[in-house]
Amino acid sequence: MKLMNARKKKDALFSLIAIAVMLVGLLIMELTMKSTSILFTVLKKSMIYALVAVSMNLLNGFTGLFSLGQAGFMLIGAYTYAIFSMPTAVKLGDSVYKYYDCTVNLELGIIPAMLLAGIFAAVFAALIGLPVLRLKSDYLAIATLGFAEILRALFQWDAMGPVTNGANVLRLYKDLTKLKIPFTNTPFPPTLFCFLVSGLCIAVIVLLINSSYGRAFKAIRDDEIAAEAMGINLFKHKEMSFVISSFFAGISGALLAMFQYTVQAAQFKTAMTYEILLIVVIGGIGSITGSCIASFLFIACNEWWLRFLDESSSNIFGLNIMRSGFRKVVFSVIIMIIVLFFSKGIMGDREFSWERLRAFSRKLFGTDARKRKNEEISEEVNGDV
Amino acid sequence: MSEPILSIKDLKVNYGGIEAVKGISFDVDEGSIVTLIGANGAGKSSTLRTISGLVKPASGSIVFCGDDITGRDTGEIVRKGITLVPEGRRIFPNLTVQENLRVGAYLRGDDISEDVQWVYDLFPRLKERSWQAGGTLSGGEQQMLAVARALMSKPKLIMMDEPSLGLAPLVVRGIFDIIREINAQGVTVLLIEQNANMALKTADYAYVLETGRIGLSGAGHELLTNDEVKKAYLGS
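Model, not experiment: these values are computed from the prediction. (Residues numbered from 1 in each chain as written. Chains lettered and ligands numbered in written order. Predicted model: local features only at pLDDT ≥ 70, side-chain atom pairs only at ≥ 80, totals over all residues.)

Q: Can you explain the overall build of chain B? Please cite residues and give values.
A: Of the regular secondary structure elements, chain B holds 10 helices and 10 strands. Taken over C-alpha atoms, the radius of gyration comes to 17 Å for chain B, in line with the 18 Å a tight globule of 236 residues would show. Taking the principal axes of its C-alpha atoms as reference, chain B extends roughly 45 × 40 × 35 Å. Across the 236 residues of chain B, 45% fall into the buried class. (Helix = DSSP H or I, 4+ residues; strand = E, 2+ residues; numbered from the N terminus. Rg over C-alpha atoms; globule rule 2.2 N^0.38 Å. Buried ≥ 20, exposed ≤ 12 C-beta atoms within 10 Å, placed from the backbone.)

Q: Any details on the overall build of chain A? Residues and values, ideally.
A: When helices and strands are counted, chain A shows 16 helices and two strands. Whereas a compact globule of 385 residues would reach a radius of gyration of roughly 21 Å, chain A reaches 23 Å, a difference of no more than 12%. In terms of its C-alpha atoms, chain A occupies a principal-axis envelope of roughly 75 × 65 × 55 Å. By the burial criterion, 39% of the 385 residues in chain A qualify as buried.

Q: Break down the pairing of strand β3 (residues 33–38) of chain B for me, with residues and values.
A: All names here are of chain B. Counting buried positions along β3 yields six of six residues, so the element is predominantly enclosed. Burial along β3 is two-sided: Ile 33, Thr 35 and Ile 37 facing one way and Val 34, Leu 36 and Gly 38 facing the other are all buried. In this sheet, strand β8 (residues 188–193) lies alongside β3 in parallel orientation, the contact comprising five bridges. Across the sheet, the residue bridging to Ile 33 is Val 189, located in β8. Note that β3 and strand β9 (residues 205–210) share five bridges and pair parallel. Residue Ile 37 lies in a different strand from β9, and its bridge partner there is Val 208. (Pairing = 2+ DSSP bridges.)

Q: Report on the confidence of the model for chain A, specifying residues and quantitative values.
A: All names here are of chain A. Residues at a pLDDT of 70 or more form 90% of chain A, whose mean pLDDT is 87. Ranking the helices and strands of chain A by mean pLDDT puts helix α11 (residues 234–260) first, with 96, and helix α16 (residues 369–384) last, with 50. Low confidence marks residues 380–385, where pLDDT is under 50. Its contacts with residues over four positions away, or in another chain, come to four contacts. (pLDDT = per-residue confidence, 0-100. Contact = placed C-beta atoms within 7 Å.)

Q: Could you give an account of the confidence of the model for chain B, with specific residues and numbers?
A: Of the residues in chain B, 98% reach a pLDDT of 70 or more, and the chain-wide mean stands at 90. Overall fold confidence for the complex sits at a pTM of 0.89, while the interface term, ipTM, reaches 0.90.

Q: Can you explain the interface of chain B and chain A? Please cite residues and give values.
A: Counting residues at the interface gives 20 residues for chain B and 16 residues for chain A. Elements supplying a minimum of two residues to the side of chain B that touches chain A: α2 (74–80) and α3 (97–104) of chain B. Taken together, the residues of the side of chain B that touches chain A sort by class into 10 nonpolar, six polar and four charged. (Nonpolar A, V, L, I, M, F, W, Y, C, P; charged D, E, K, R; others polar.)

Q: Run through the sheet that holds strand β6 (residues 82–85) of chain B, naming residues and quoting values.
A: Residues and elements named next belong to chain B. Strands sit in the order β6-β7-β8-β3-β9-β10 across an open sheet of six strands; the sheet is mixed. Where the open sheet ends on each side, the last strands, each with one partner, are β6 and β10 (213–219). Averaged over all neighbouring strand pairs, the angle between strand axes comes to 15°, with direction disregarded. Lying on the sheet, helix α1 (residues 44–51) is in contact with β3, β6, β7 (157–161), β8 and β9; it crosses β7 at an angle near 145°. (Axes fitted to C-alpha atoms, helices over the stretch in contact; angles between N-to-C directions.)

Q: So, the packing of helix α2 (residues 38–63) of chain A against helix α8 (residues 190–210) of chain A: which residues are in play, and what are the values?
A: Residue and element names in this part refer to chain A. For the pair α2 and α8, interaxial distance at closest approach is 9 Å and the crossing angle is 15°. The angle between the axes of α2 and α8 places the two elements in the roughly parallel class. Once α2 is placed against α8, the crossing between them reads as left-handed. Along the contact surface, α2 presents Phe 40, Leu 43, Lys 44, Met 47, Ile 48, Ala 50, Leu 51, Val 54, Ser 55, Leu 58 and Phe 62, while α8 presents Pro 190, Thr 191, Cys 194, Phe 195, Ser 198, Cys 201, Ile 202, Ile 205 and Ile 209. Of the residues in the contact of α2 with α8, the class split is 16 nonpolar, three polar and one charged. (Parallel < 35°, antiparallel > 145°, perpendicular 65-115°, else oblique. Left-handed = near helix turned anticlockwise from the far one by under 90°.)

Q: Kindly report on unusual backbone geometry, identifying the contributing residues and their values.
A: The general pattern is negative phi for most residues beyond glycine and trans for most peptide bonds. All names here are of chain A. Even without being glycine, Ser 137 reaches a positive phi, approximately 35°. Note on placement: Ser 137 falls in helix α6 (residues 137–156). We note that Leu 172 has phi near 60°; this positive angle belongs to a residue other than glycine. Classification of Leu 172 as partly exposed rests on a count of 17 C-beta atoms within 10 Å.

Q: How would you summarise helix α9 (residues 212–222) of chain A if you had to cite specific residues and measurements?
A: Within α9(A), eight of the 11 residues are buried, which leaves it mostly tucked inside the rest of the structure. Every buried residue of α9(A) is accounted for by A:Arg215, A:Ala216, A:Phe217, A:Lys218, A:Ala219, A:Ile220, A:Arg221 and A:Asp222. If you follow the buried residues of α9(A), they end up packed against α2, α10 (224–229) and α11 of chain A together with α3 of chain B.

Q: Talk me through the environment of A:Leu196; I want residue IDs and the actual numbers.
A: Mapping A:Leu196 onto the fold places it in helix α8. When the C-alpha positions of A:Leu196 and A:Ala20 are compared, they lie 11 Å apart, and in sequence the two are 176 residues distant.

Q: A description of the sheet that holds strand β1 (residues 4–15) of chain B should follow, citing residues and the corresponding values.
A: All names here are of chain B. As summarised here, the arrangement of the four strands in space is β2-β1-β4-β5, forming an open sheet in which the pairing is antiparallel. Either end of the sheet is taken by a strand with one partner, and the two such strands are β2 (18–29) and β5 (67–68). Relative to β5, strand β4 (residues 59–64) is paired through two bridges, and the arrangement is antiparallel. Across the sheet, residue Val 63 finds its bridge partner in β5, namely Asp 68.

Q: Any details on the environment of B:Asp111? Residues and values, ideally.
A: All names here are of chain B. Within the secondary structure, Asp 111 is located in the loop between α3 and α4 (113–122). Residue Asp 111 is classed as exposed on the basis of its 9 C-beta neighbours within 10 Å. Sequence separation between Asp 111 and Gln 194 is 83 residues; the distance between their C-alpha atoms is 37 Å.

Q: I'd like a description of helix α12 (residues 270–283) of chain A, backed by residues and values.
A: Residues and elements named next belong to chain A. Taking 1.5 Å of rise per residue, the 14 residues of α12 would be expected to cover 20 Å, and the 20 Å separating its terminal C-alpha atoms lies within 8% of that figure. Looking only at α12, the buried set comprises Met 272, Thr 273, Glu 275, Ile 276, Ile 279, Val 280, Val 281, Ile 282 and Gly 283. Directly after α12, the chain includes Gly 284, whose backbone phi takes a positive value near 115°. (Expected span 1.5 Å × (residues − 1).)

Q: An account of the environment of A:Thr144 is needed here, citing residue identities and associated values.
A: All names here are of chain A. Here Thr 144 lies in helix α6. Classification of Thr 144 by C-beta neighbours within 10 Å gives buried; the count is 27. Sequence separation between Thr 144 and Gly 129 is 15 residues; the distance between their C-alpha atoms is 9.1 Å. The contact partners of Thr 144, leaving out residues within four places of it in the chain, are Ser 67, Leu 68, Gly 69 and Val 132.

Listed below in C-alpha cells is the structure:
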C-alpha cells in the first residue's frame, strides 16, 4: 500500500511538473513567435471548446443527462460578457448600437464580466431546469435544444434591441488584445490567458466529479432508482449538475467572445452544439482528458491541418477535386472512421494516467519489459502486506 | 416480544387507477426477521417501495420508531434508519465496489472507514474486488454488494426485495446465511421473497400477501407446515 501511495504521489508531482512546463513553454512561444500565427488561433479556440466540451461531459457523461442546450448557454455568456465589458463611451456612441439606445449603462472589468456571464447562464439554467429536468433521455435533449433555439431568436428580437443590439453585431468590447498584466500597461499573453481560465475551470469540474457530489452524479447516471433508494435526491442533484455545467458553458461563451472580437446571435446555432457533442463523443463520453484531447484534434483538423485540401492549385489525375470545402468532406470521413472503429471514443470512459502511458510505451517499445514486470510483482507482494 | 420498530396501519397504494395494495396492516418487531411472501403482483414490492418513500401511499400510516413517516422523502427515511435493497440488485455498474459503498453512505457526514471494514468482514469477497467495477461482479457478488451498500447507511431496518432472484441455489443459501448474520448483529430485517421455503425457514414471523391483502400470518416455522401455504407456495 505504501509503495502504491508513493507512486501516486510521484505521478501527481509529474502531472504538476508537466502542466508547469506546458504553461512556461506556451509563455515562451507567445513571447517569441508572431502572435498572428495559426498555432495560437487553434490553441485558443481549442481551449475554449475544451472547456465547453468538459462542461457538456459533466452532464452527458457523468450525470447521464442528454442535454443539447450548450450553444444557448454559450450565447448567454458571450452576450453578457460583450454587453457588460463594453466601454460606456462605445455604448453611447453610434458605432455599435446604431439603431437602438443602449439601456445597460454599466461597464465591468474583464474578470467580473466573465463571472457575470457564467452567473447569467447558470440562473437561466436553473429556471429552465425546473420544468425540463423532469424529462428523460431524448425528450430532455429535444427540450434543451428547443430552449437554446428560443434563446437565439429572443436575442435577435427587435424589442430586445436596446440590450442585445438586435440581430446586429456586438463589438468594441474588451477582447483578448485588451488584456493587461495587472498594475502595468504590458499586454497579457492572450493564449496563456485562455489556458489559465479554461484550465482553472476544468480543474474545478474535475474536483467536483471526484467529490461526493460527483459520486452521486455518477450513481444517478448508472441507476436512478438505486440512487434514489440510497436517499439521493434526484431532482436536486440533476439541477445542480445542470446549473454548474451551464455556468462553465457561459464562461466559455465569454472567452469565445473575447477570442473572436465580435459576437452575433446567429453564430450560436444548433450546429455549434453538435460540434461540441462531436468533441465529447470522439473524446469519450465520461472522460475529461478525452474531451480535452478531442477538442484540440477537432479544432486543429477543422481550422488548420486539413486546410491544404482546400487549395485548388493541386490536381489529382487531372481532376480538380481539391476545391474549397473539400476538407469538410475529408473531415467527415475521418469522423465516421473514428466513430466506427473507436465506438467509445479516443479514451472511452477512462482518464489519462502516467501508469497507462508507461504501460502503453512498454507495449510499444517492448524494452526491459521483463525487468519491469518483475518489479511490479514484487511490489504487489509488498502491497498486500 | 418487544415493541414493534415498524408499524403499518391500513396502507393503501395506487398505481394510476390500479389498487396495488388494498389496506394492509402489519408490525415488524425490533431485532427480528420478518418476511412477506406472496405470488407475483400480490403487492410485495409496492409495500416496500412505499415504506422507503419511493412511492407515496393513497392512505394509511407508516410509523417507524414512534415517528410517523408516511409520505416522507426517501432521503429523510434513509436518515431515520430504513434502507431498501432494491429488486434486481441495481448496483452501480460503472462505479468500483468501494465507490458503490461510499454512495450507500452518501447521506452520512461522519467517518465511514469503520463501517467499510465491517461490511468487508461480512463479505470478504467484496474486499478482494474493492477496485473492480460493480458491473464486472458475478450475480451473487452483486447481490452481496447491494446488501453491503445498503448497510453502509447504518440502517436500523434493512428491507430486501427478492434477494434470491436469479441466483443459483447454493448462492441463495449463502445470501440467507448473511441475512441471519446481519440480523444477529442487531439489524432488523424485512424480507420479501418468492422463494417461500427459504424465507419461512429464516424468518421469525411471516405474512402472506394475496392480491393486495394479508391472508395468513404466523411464525415462520408454523407457516412452513400450514397446508394452505404448502399448497400455494411450497408446491407440495
